[in-house]
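Listed below are the residues making up each chain.
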Amino acid sequence: MNLYDTNNIRIIYASSAMGEKTFSDIFINSKNIPGQQAQKFNRLLIKGLKLNGADVIGLSTPPVTTSNLDKKFIVLGKKIEDEILFSYVPVINIPILKNILNIAGSFFKTLKYRKKNKTIIVCDVLNVSVSLGAVFAGILVGCPIVGIVTDIPELMVTGY
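Now for a description of the structure that goes with this document. (Residues numbered from 1 in each chain as written. Predicted model: local features only at pLDDT ≥ 70, side-chain atom pairs only at ≥ 80, totals over all residues. Heavy atoms only, no water.)

1. Observations concerning the pattern of salt bridges
Right, on to step 1. Summed over all chains, the structure comprises four salt bridges.
Right, on to step 2. Residue K47 is joined to E20 by a salt bridge in which the shortest nitrogen-to-oxygen separation is 3.5 Å. A residue pair is termed long-range when its members are at least 10 positions apart, and K47 in helix 2 (residues 36-51) and E20 in helix 1 (residues 20-27) qualify at 27 residues.
Right, on to step 3. For K47, a relative accessible area of 26% translates into the label partly exposed.
Right, on to step 4. With its nearest N and O atoms 2.9 Å apart, the salt bridge here joins K21 to D25. A residue pair is termed a helical-turn pair when its members lie 3 or 4 positions apart in one helix, as K21 and D25 do in helix 1 at four residues.
Right, on to step 5. Look at the salt bridges and you will find they share partners, linking E20, K47 and D82 into a network. (Salt bridge = Lys/Arg side-chain N within 4 Å of Asp/Glu carboxyl O. Helix = DSSP H or I, 4+ residues; strand = E, 2+ residues; numbered from the N terminus. Buried < 20%, exposed > 50% of the residue type's maximum accessible area, 1.4 Å probe, protein only.)

Written as structure tokens, this is what we have:
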């Protein structure tokens, strides 16, 4: 695979990144809106890859928790925003069960969207569940995998 010929590469970008409109629609009346830093960073990377000719699919586990959304089942499916396909893993908003479903969902969606010998998987490693599923799928089929860190966890919590 020629990694410099982005016109033939599919990038599966596994993170919690959501399209701006979808994010706004979900969290407009939320008790606690999830952090915007990782959303913005991931969206900008996705857009940049797309603008440079890559076929990018945003594989997303929405940043839903019991503290920011009361709904127990969230199914967003696929949505195109800014000419980018975002494929959302269904969420059961129950701790532990949610993580298991995120791993399984990202595993199967990664396998579904890959192009044989032309796929690179990019994972936001701070979103462990979506990354694990995508990494397991990538290892299974032999895709190159890249991990990124959107922010240092200590700084996300303390606000510095």
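Read on for the rest.
2. Focus on the side chain of S15
Right, on to step 1. Mapped onto the fold, S15 is located in strand 1 (residues 10-15).
Right, on to step 2. A polar contact is formed between the side chain of S15 and the backbone nitrogen of A17, at a distance of 3.0 Å.
Right, on to step 3. Beyond its immediate stretch of four places on either side in the chain, S15 contacts N42, L59, S60, T61, D124, N127 and V130. (Polar contact = N/O pair within 3.5 Å; in protein donor to acceptor, adjacent residues only side chain to side chain. Contact = heavy atoms within 4.5 Å.)

3. Re the packing of aromatic side chains
Right, on to step 1. Evaluated as defined, the whole model comprises three aromatic pairs.
Right, on to step 2. An angle of 50° between the planes, with centres 4.9 Å apart, marks the rings of F23 and F27 as tilted. Residue F23 and its partner F27 are located together in helix 1, separated by four residues, close to a single helical turn. Across the pair, F27 and F23 agree in class, each one buried.
Right, on to step 3. An angle of 10° between the planes, with centres 6.2 Å apart, marks the rings of F86 and Y88 as stacked.
Right, on to step 4. Looking at Y88, the relative accessible area reads 1%, which means it is buried. (Phe/Tyr/Trp six-rings, centres within 6.5 Å; stacked < 30°, edge-to-face > 60°.)

4. A closer look at the side chain of R43
Right, on to step 1. Within the secondary structure layout, R43 lies in helix 2.
Right, on to step 2. Among buried charged residues, R43 stands out as having no salt bridge; its nearest opposite-charge side chain is E20, 4.1 Å away.
Right, on to step 3. Leave out the neighbours within four places in its chain, and R43 touches A17, M18, G19 and E20. (Lys, Arg positive; Asp, Glu negative; His and termini not counted.)

5. Concerning the pairing of strand 2 (residues 55-60)
Consecutive side chains of a regular strand alternate in pointing toward one face of the sheet and then the other.
Right, on to step 1. Judged by how many residues are buried, strand 2 sits mostly within the fold: five of six residues are covered.
Right, on to step 2. Sheet topology places strand 1 next to strand 2; six bridges connect them, and they run parallel. Across the sheet, Y13 pairs through a bridge with G58, a residue of strand 2.
Right, on to step 3. Inspection of the sheet shows strand 2 paired to strand 5 (residues 84-88) by four bridges, in the parallel sense. Paired with S60 across the bridge in strand 5 is Y88. (Pairing = 2+ DSSP bridges.)

6. Remarks on the nonpolar core
Within soluble globular proteins, side chains that are nonpolar tend to cluster in buried spots.
Right, on to step 1. Residues M18, I26, I46 and I74 are the most contacted members of the largest nonpolar core, which totals 22 residues.
Right, on to step 2. Listing elements by their share of this core, those giving two or more residues are strand 1, helix 1, strand 5 and strand 7 (119-124).
Right, on to step 3. For M18, the residues in contact, after removing those within four places along its chain, are F23, I26, F27, Q39, R43, S60, P62, P63, L76, F86 and Y88.
Right, on to step 4. Counting residues in each nonpolar core, the second largest holds 11 residues, with I12, I57, V89 and A134 among its members. (Core = buried A, V, L, I, M, F, W, Y, C linked by side-chain atoms within 4.5 Å.)

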